[in-house]
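Chain by chain, the residues run as shown.
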Amino acid sequence: MTQTLAPPARTAVVPPRAAAPAVRRRRLGPGTPLPYGRAAGPLLVVALWCAASATGWLDPRLLSAPWTVVDTGVALVRDGTLPDSVLTSLRRAGLGFLIGGVAGTALALAAGLSRVGEALIDGTVQVKRAIPSLGLIPLLILWLGIGEGFKVVVIAIGVAVTLYLQTHASLTGIDKRYVELAEVVGLSRRQFVRKVVFPGALPGFFVGLRLGVTGSWLFLIVLEQINATSGIGYLMFQAQNYGQSDVIVVGLVVYGLFGFASDAVLRLVERRVLSWRRTLSG
Amino acid sequence: MAAHAERVSAVSVRGLVRRFGQRTVLDGLDLDIAPGEFVALLGRSGSGKSTLLRAVAGLDYDVVGGGELRVPREVAVAFQDSRLLPWLRVLDNVVLGIPGDARERGRRALAEVGLGGRERAWPDQLSGGEQQRVALARCLVREPAVLLADEPFGALDALTRIRMHDLLRELCARHRPAVLLVTHDVDEAVELADRVVVLEEGRIALDVPITLPAPRSHRDPLFQSHRDRLLLALGITEGTTP
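The following paragraphs examine the structure supplied in this document. This one's a predicted model, so the numbers in the text were calculated from it and none came from an experiment. (Residues numbered from 1 in each chain as written. Chains lettered and ligands numbered in written order. Predicted model: local features only at pLDDT ≥ 70, side-chain atom pairs only at ≥ 80, totals over all residues.)

As for the overall build of chain B
(1) Moving on: The number of helices and strands found in chain B is seven helices and nine strands.
(2) Moving on: In terms of overall dimensions, chain B has C-alpha extents of about 50 × 45 × 35 Å along its principal axes.
(3) Moving on: In chain B, which comprises 242 residues, the share counted as buried stands at 38%.
(4) Moving on: Here the contacts in chain B between residues at least 6 apart in sequence split such that 70% fall between residues at least 24 apart. (Helix = DSSP H or I, 4+ residues; strand = E, 2+ residues; numbered from the N terminus. Buried ≥ 20, exposed ≤ 12 C-beta atoms within 10 Å, placed from the backbone. Contact = placed C-beta atoms within 7 Å.)

Written out as structure tokens, the structure is:
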């Protein structure tokens, strides 16, 4: 019965159906983020690792089971091996980072604030930049031996160059209009440096710091695995000789924690110091 | 060219020449501004307005030219952009470069431009008009004998500009600095200035005193005639009278 009514009914139905959702766009963005979404990937990897070890599919000589790694870590902390190694490594990286940081910043200021400084320093650092710091190792061993001094110097050079490049770029990039303002309000040279140059260069300085701290861990790892008799890298190198994959993983975890913690601290300091920028990034 | 009487002037410019390469931007320019006088400087783009202002402000190093400039020490400059340092809070921007503790004076200046209570704000938290008012406070707090303003309202919207005009007029009436205002807005010039100077090819083409009573209305026929005359001098022949 209703069939006979169908044709008119259909024409009556069409307009509302076409008009109902006025304009519905196909969503092309990835949508709202999943809760704790970023932790999901790493957790999955650990879960697979657990499963593979438990089923015996993963040869413990290649990669120890997670629980073995935890046990080894605890044992290494108990017998004092790990704390000693961590302290040694931290001292090397920290000292190198400190010395390199101070040197890089000082050089950047000298090059950015005076034409003589620029002429003497900038070209030199740019040439050094073309040579990877790790390439200097043979020469530095020749000069300094393979003691602690040599390790600190390699890290310091790497950090100094990174920090110099970032700070110098941000110094020379300070808006000329601010310089003009400083002239108009009659700032002295010292006030100009304190009120305009330093704050203006700080964002670049922090980028340099964060790159520098990453770099110092990188150099540390390389140095401790070539010729060292102490430190995390040495611990891992020894473990490699004895086929102790659990100790190697413990070392990797420690390196990871170093990198993560130092970056987090720097980011926190950066947010504090550059609080005026928060209004820009929202 | 209404030659100004040779009494004490706040700013005195004699035979000012400025060249950029082959181009002579200022060509033997003479200008006097009396203490407390408000002079608006009009001119087509490239007529040398900004060059003159920068010369008076002492901001033109490495520029070829000559002439005589007498400018007092207490000069304040307002730029087209507010030019606040983003890493200094509002009050610190206002007192930037003032020796000693000027924070109390800075606070008063901020209150005068209607921004009392915003001392601790960051410049980026303020609207464009508010930023420009902070810049005015930064000029004020220096108690300048001469205020140089390079299109200070050029980047503001029309409504904000009207309010800034009122504010500037009020502040000038109270503090009486000599003012040199560079603008391309004829209405703004007639509304604010005691005298309007039109620059053309590096010289003064027209120098008109504006003697209109205090609340200047755009509807005033005298306002209109000044406006038409200035527009004519700027090369716009159609006097647009509504």
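Focus: the sheet that holds strand S5 (residues 75-78) of chain B
All names here are of chain B.
(1) Moving on: Spatial strand order, S5-S6-S7-S3-S8-S9: six strands in an open sheet with mixed pairing. Both outer strands of the open sheet, S5 and strand S9 (203-209), are each paired with one neighbouring strand and no more. Each strand axis lies, on average, 20° off the axis of its neighbour in the sheet, ignoring direction. (Pairing = 2+ DSSP bridges. Axes fitted to C-alpha atoms, helices over the stretch in contact; angles between N-to-C directions.)

A word on the packing of helix H9 (residues 189-226) of chain A against helix H11 (residues 245-273) of chain A
All names here are of chain A.
(1) Moving on: It is the contact of H9 with H11, at a shortest axis distance of 10 Å, that shows an interaxial angle of 170°. In terms of orientation, H9 lies roughly antiparallel with respect to H11. Along the contact surface, H9 presents Leu202, Phe206, Leu209, Arg210, Val213, Thr214, Trp217 and Ile221, while H11 presents Tyr255, Phe258, Gly259, Ser262, Asp263, Leu266, Glu270 and Val273.
(2) Moving on: Classifying every residue of the contact of H9 with H11 gives ten nonpolar, three polar and three charged. (Parallel < 35°, antiparallel > 145°, perpendicular 65-115°, else oblique. Nonpolar A, V, L, I, M, F, W, Y, C, P; charged D, E, K, R; others polar.)

What about the nonpolar core?
(1) Moving on: Counting residues in hydrophobic clusters, the biggest one holds 96 residues, and the most contacted among them are Leu41, Ala137, Leu148 and Leu180 of chain B.
(2) Moving on: Val69, Leu76, Met236 and Phe258 of chain A belong to the second-largest nonpolar core, a separate cluster that totals twelve residues. (Core = buried A, V, L, I, M, F, W, Y, C linked by C-beta atoms within 7 Å.)

Side note on the environment of threonine 68 of chain A
Residues and elements named next belong to chain A.
(1) Moving on: Note that threonine 68 resides in helix H3 (residues 66-78).
(2) Moving on: Each C-alpha atom of the pair threonine 68 and serine 245 lies 9.7 Å from the other, and the pair is 177 residues apart in sequence.
(3) Moving on: Apart from residues no more than four positions distant in its own chain, threonine 68 is found in contact with Pro60 and Asp246.

Thoughts on the packing of helix H4 (residues 81-113) of chain A against H9 of chain A
Packed helix pairs are characterised by how far apart their axes lie and by the angle those axes make with each other.
Residue and element names in this part refer to chain A.
(1) Moving on: Two numbers describe how H4 lies on H9: the axes approach to 9 Å, and their chain directions differ by 145°. Judged by the sense of rotation from one axis to the other, the crossing of H4 with H9 is right-handed. Counted together, Ser89, Arg92, Ala93, Gly96, Phe97, Gly100, Gly101, Gly104, Thr105 and Leu113 of H4 and Val193, Val197, Phe205, Gly208, Leu209, Gly212, Val213, Ser216, Trp217, Leu220 and Glu224 of H9 form the full contact between these two elements.
(2) Moving on: Partitioned by chemical class, the residues of the contact of H4 with H9 number ten nonpolar, nine polar and two charged. (Left-handed = near helix turned anticlockwise from the far one by under 90°.)

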